[in-house]
Amino acid sequence: MKKKQFAIIGLGRFGTSVAKTLYQMGYEVLAVDADETRVQDFSDEVTHVMQADTTDEDTLKALGIRNFDVVVVAIGADVQANLMTTLQLKELGVPHIVAKAKNPLHGKMLEKIGADRVVYPERDMGQRVAHNLVSSNVLEYIELSPEYSIVEVTAPKVLVGKNLVETDLRGRYEVNVVAIRRGEQLLVPPQPTEKIMDKDVLFVVGANRGVQRLEELE
Ligand code: ATP
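Just so you know, these numbers come straight off a predicted model, no measurement behind them.

Draft legend 1. Seen up close, the site of the ligand. Around the ligand, the structure places 20 residues, and the nearest of them are Arg13, Phe14, Asp33, Arg38 and Ala77. The side chain of Lys100 places a nitrogen or oxygen atom 3.3 Å from an oxygen atom of the ligand. For the ligand, the protein covers 82% of the area, taking 640 Å² as the surface of the free molecule. Counting atoms within 2 Å of the grid points, the majority share of the ligand lands in the second largest pocket. Taken together, the residues of the shell around the ligand sort by class into 8 nonpolar, 5 polar and 7 charged.

In structure tokens, the structure reads:
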């Protein structure tokens with residue numbers, strides 16, 4: 001199968017991080033920025049780097065942007081440039097567009113224009129840090145909707161030694177353990193009789209209230 005090709009537009013902190021990570025994972029990455037210095041500084045980090053103003057349709061066409069499977073619009077401060085770029089990409093028929101939004105209104109506009117996925121890196125990271133501050137057991141937090149979330153937690157000590165039936169997490173907190181990571185092993189789905197061991201990592205899904213109560217266990 002042909003490997004996906006990615007283009008990242010806007011080399012701020014978010015864009016450079018996405019671009020570098022994909023490149024390090026072995027994908028072909030084109031990075032684009034209007035600022036010549038940013039482009040030069042980034043020239044050794046990915047497959048290709050181009051200096052271009054992506055709000056211009058002809059410029060985008062010349063970049064051959066249509067040929068990329070996924071294009072990430074990581075332009076931050078300049079909301080107009082972010083929206084205009086996303087619109088041009090849509091018009092050119094890019095198959096999958098991911099765009100970074102500053103706030104919910106901006107996100108709504110991106111969705112209306114046709115972005116396939118809207119991301120809010122600052123909001124998401126803020127949520128993760130906050131959940132990790134409540135309990136150092138929390139490794140990862142993902143909001144599924146305003147009511148539901150999924151968390152990755154180191155098994156709280158009070159659960160170690162009990163199996164999933166005995167912990168009664170469903171009854172007590174209305175949450176479900178969908179997977180357990182034990183060293184290299186991933187148990188998906190875990191058996192109800194599976195005993196939780198020290199250092200296990202639990203993947204738990206449920207309503208926020210229950211998930212939070214689980215996070216607070218020690
Ligand atoms: P981060 O939080 O990821 O650092 P930021 O919000 O600070 O992002 P900016 O620095 O505003 O983001 O934007 C990221 C990059 O987007 C900048 O390097 C900027 O030069 C580039 N950029 C802005 N407008 C355009 C445009 N029209 N075409 C191409 N690149 C652009």
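Draft legend 2. Summary view of the nonpolar core. Counting residues in hydrophobic clusters, the biggest one holds 24 residues, and the most contacted among them are Ile9, Leu60, Ile65, Val71, Leu89 and Leu110. Those elements that place two or more of their residues in this core are strand 1 (5–9), strand 2 (28–33), strand 4 (70–73), helix 4 (79–91) and strand 5 (96–100). No other element matches the 3 residues that helix 4 contributes to this core. In this structure Leu110 touches Asn82, Leu83, Thr86, Ala99, Lys100, Ala101, Ala115 and Val118, once residues within four positions along its chain are discounted. By size, the runner-up hydrophobic cluster in this structure holds 19 residues, among which are Leu169, Val175, Ile180 and Ile196.

Conventions and cut-offs
Residues numbered from 1 in each chain as written. Predicted model: local features only at pLDDT ≥ 70, side-chain atom pairs only at ≥ 80, totals over all residues. Heavy atoms only, no water. Near = heavy atom within 4 Å. Polar contact = N/O pair within 3.5 Å; in protein donor to acceptor, adjacent residues only side chain to side chain. Areas by Shrake-Rupley, 256 points an atom, 1.4 Å probe, with all protein chains shown as cover. 1 Å grid on protein atoms, 1.4 Å probe; cavity = no way out; pocket = protein on both sides within 12 Å on 5 of 7 lines; lining within 4 Å. Sits in = over half its atoms within 2 Å of the grid points. Nonpolar A, V, L, I, M, F, W, Y, C, P; charged D, E, K, R; others polar. Core = buried A, V, L, I, M, F, W, Y, C linked by side-chain atoms within 4.5 Å. Buried < 20%, exposed > 50% of the residue type's maximum accessible area, 1.4 Å probe, protein only. Helix = DSSP H or I, 4+ residues; strand = E, 2+ residues; numbered from the N terminus. Contact = heavy atoms within 4.5 Å.

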